[in-house]
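Examination of the molecular architecture
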Amino acid sequence: MIAFSLAAIASSLEMANVRVFALVLFFLALFTGAQTVPFIVLHGIGDACKNSGMRNFIKILSEMSGSPGYCLEIGNGSWDSWTKPLLKQTAIACKKVKKMSDLGQGYNIVGLSQHIGSFGYQGNLIGRGIIEFCDGSPPVKNFISLGGPHAGTASVPLCGSESVCTLIDIVLQLGIYSRFAQQNLAPSGYVKIPIDIAGYTEGCRFLPKLNNEIANKRNSTYRQRFTNLQNLILIMFEEDKVLIPKETAWFGYYPNGALHPVIPVQQTELYIDDWIGLRALDEAGKVKFINVSGDHLDISRNDMKTYIVPYLTDQTSIAPRPKLEHSSASISSIWSSLLEMFGVNEDLTVLSNDI
């Protein structure tokens, strides 16, 4: 009889321990804020992960957000960013993110533009390429784009070095949409000359695919993947003289056949017909059109903290929390209510002491 009673008590205590453990997890979750989510940074043309500016940028974002950040390098960095076709660069980036175990549960992307001394901006586009083209990759939660040429640019970026300038001169003589240009000069993949739309759609190998612009080649998978984003942050720089036009950072662009005026994103075919899901994201309240003062990529720490850092955490874990008074009486009341909810007897600790 005594043995039976002890067994019953032990069974009760075991069940109580399970309930108490669940209760503790619930109570911790009640007071826990957003979880950290890793992020990757894709640098712009002419830059490299080893450069101090890039390392410092990631360090600042990591310290502000508490999230681990990584710079994703493609090839040897600077030279390959100029000469390797963007479809190949995107394929390399895709393989790398799938091999990074830290990204397995999801991650955020920060797409950048230029390196000091050159003026390219393709890290943003490679980021979108990962989202749309990368089969079997971990889910991208938030995509933050700083000054990206999402609708194209009407000019080749300034070269910044003699060797690159020589290459660009050769390419321009052959034509920006020539096979040679598309295979040897990365920016040719997103240069969109408004007065040569036929040449663009027929010869450009990257941006028309990324923006689902070719009517008989539109891919619903690209649209579906893009609309899976939790948030799309599009940052435009008010005094930007690198992007032509600057509104391309918001998917705005010139009309076909003319160099003016700039058409707002909501009036473009890409948005109206929703080729990539931008309209769907916007109507769901998931697109943030941010305009900051300054020239291209001239962003302050305060703007980084305001417009980037909030999206480097897990947005799904940020749920409304009850406002609690921090007094012993209120905490005791909450604890008692939770005990009752989980079916835990408050006298268990007394029983345990008696045994």
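Up top is the structure these notes are about.
Overview of the structure.

What counts and how
- The residue numbering used here restarts from 1 in each chain and proceeds along that chain's sequence as written.
- Given that this is a predicted model, residues contribute local features only at a pLDDT of at least 70 and side-chain atom pairs are listed and counted only at 80 or more, while totals for whole chains, interfaces and linings are drawn from all residues.
- Each side-chain value is worked out from all heavy atoms of the structure, with water and hydrogens disregarded.
- Helix and strand assignments follow DSSP, with helices taken as H or I runs no shorter than four residues and strands as E runs no shorter than two, numbered in order from the N terminus.
- The contact rule is simple, with two residues in contact once any of their heavy atoms fall within 4.5 Å.
- Using the Shrake-Rupley algorithm and a 1.4 Å probe, accessible areas are obtained, with residue cover drawn only from the displayed protein chains.
- Nonpolar cores were defined as sets of buried Ala, Val, Leu, Ile, Met, Phe, Trp, Tyr and Cys residues, with membership established by side-chain atoms within 4.5 Å.
- Working definition: with a 1.4 Å probe on protein chains only, accessible area under 20% of the residue-type maximum means buried, over 50% means exposed, and in between means partly exposed.
- Only a pair of cysteine sulfur atoms within 2.5 Å counts as a disulfide in this structure description.
- Two joining distances apply to patches: 9 Å for like charges and 5 Å for nonpolar side chains (Val, Leu, Ile, Met, Phe, Trp, Tyr), and every residue must have over 30% relative accessible area and no salt bridge.
- When a carboxyl oxygen of Asp or Glu is within 4 Å of a side-chain nitrogen of Lys or Arg, the pair counts as a salt bridge.
- Charged residues are defined narrowly, with Lys and Arg counted positive, Asp and Glu counted negative, and His plus the chain ends left uncounted.
- Note on charges: their place is set at NZ of Lys, CZ of Arg, CG of Asp or CD of Glu.
- Only the stretch in contact is used when fitting a helix axis, every axis being a line fitted to C-alpha atoms; angles between N-to-C directions are given from 0 to 180 degrees.
- Any angle between 65 and 115 degrees counts as roughly perpendicular, while under 35 counts as roughly parallel, over 145 as roughly antiparallel, and the rest as oblique.
- Helix crossings get a hand from a simple test, with the near helix turned counterclockwise from the far one by less than a right angle marking a left-handed crossing and a clockwise turn marking a right-handed one.
- Lys, Arg, Asp and Glu make up the charged group, whereas Ala, Val, Leu, Ile, Met, Phe, Trp, Tyr, Cys and Pro make up the nonpolar group; the residues left over, Gly among them, are polar.
- By the convention used here, strands pair only if DSSP detects at least 2 bridges between them.

1. Description of the overall build of the chain
The helix and strand tally for the chain stands at 15 helices and 6 strands. A fraction of 73% describes how many contacts in the chain between residues 6 or more apart in sequence connect residues 24 or more apart. Split by element, the accessible area of the chain, about 17400 Å² in all, is 55% carbon and sulfur.

2. Here's the deal with the nonpolar core
Within the largest apolar cluster, 49 residues are counted, with the highest numbers of intra-cluster contacts made by Ile40, Ile109, Ile130, Leu232 and Leu278. Per-element tally for this core: the top contributor is helix H5 (residues 123–133), with 5 residues. Contacts of Ile109, omitting those with residues within four sequence positions, involve Ile40, Leu42, Gly127, Ile130, Ile131, Val140, Asn142, Phe143 and Ile144. Core analysis: the second largest hydrophobic core is formed by 22 residues, Leu112, Ile299, Met304 and Val309 among them.

3. Details of the state of the cysteines
A covalent bond between the sulfur atoms of two cysteines is what we call a disulfide. Applying the stated rule across the entire model yields 2 disulfides. Through a disulfide, Cys49 is tied to Cys71; the S-S separation comes to 2.0 Å. Every disulfide takes its handedness from the sign of the S-S torsion; for Cys49 and Cys71 that torsion is -80°, giving left-handed. Pair noted here: Cys49 is in the loop between strand S1 (39–42) and helix H2 (52–65) and Cys71 is in strand S2 (residues 69–71), with a separation of 22 residues, a long-range link. Judged by its relative accessible area of 23%, Cys71 falls in the partly exposed class. In this model Cys94 forms its disulfide with Cys134; the gap between the sulfur atoms is 2.0 Å. Given an S-S torsion of about 80°, the disulfide between Cys94 and Cys134 has right-handed geometry. Of this pair, Cys94 sits in helix H4 (residues 86–99) while Cys134 is found in the loop between H5 and strand S4 (140–146), placing the two residues 40 residues apart along the sequence.

4. What about a positive patch on the surface?
The grouping of Arg179, Arg205, Lys209 and Lys217 at the surface amounts to a positive patch. When you line up the elements, Lys209 lands in helix H9 (residues 207–210).

5. Notes on a nonpolar patch on the surface
Taken together, Ile170, Leu174 and Phe180 make up a surface patch of nonpolar side chains, about 270 Å² in accessible area. Along the chain, Leu174 falls in helix H6 (residues 162–174).

6. A word on the pattern of salt bridges
Applying the stated criterion across every chain yields a total of 6 salt bridges. The salt bridge partner of Asp135 is Arg225, with a shortest N-O separation of 2.5 Å. With Asp135 in the loop between H5 and S4 and Arg225 in helix H10 (residues 220–227), this residue pair connects regions lying 90 residues apart in the sequence. Here Glu238 makes a salt bridge to Lys246, at a shortest N to O gap of 3.1 Å. Note on Glu238: relative accessible area 31%, which makes it partly exposed. By relative accessible area, which is 19% here, Lys246 ends up buried.

7. Focus: the packing of H4 against H5
At a minimum axis separation of 9 Å, H4 and H5 run at an interaxial angle of 65°. As summarised for this structure, H4 and H5 are arranged roughly perpendicular, according to the angle between their axes. For H4 against H5, the interelement crossing comes out right-handed. In this structure, H4 uses Leu86, Leu87, Gln89, Thr90, Ala93 and Val97 to contact H5, whose residues at the interface are Ile126, Gly129, Ile130 and Phe133. When grouped by side-chain class, the residues that make up the contact of H4 with H5 number 7 nonpolar, 3 polar and no charged.

8. Quick word on the sheet that holds S4
Strands sit in the order S2-S1-S3-S4-S5-S6 across an open sheet of 6 strands; the sheet is parallel. Each edge of the sheet is formed by a strand with only one pairing partner; in this case those strands are S2 and strand S6 (287–292). The sheet shows a mean angle of 15° between the axes of neighbouring strands, taken without regard to direction. Pairing geometry for S4 and strand S5 (residues 231–237), over 5 bridges, is parallel. In the sheet register, Asn142 faces S5, and the bridge partner there is Asn231. Sheet strands in contact with H2 are S1, S2 and strand S3 (107–111), and its direction is about 155° off that of S1.

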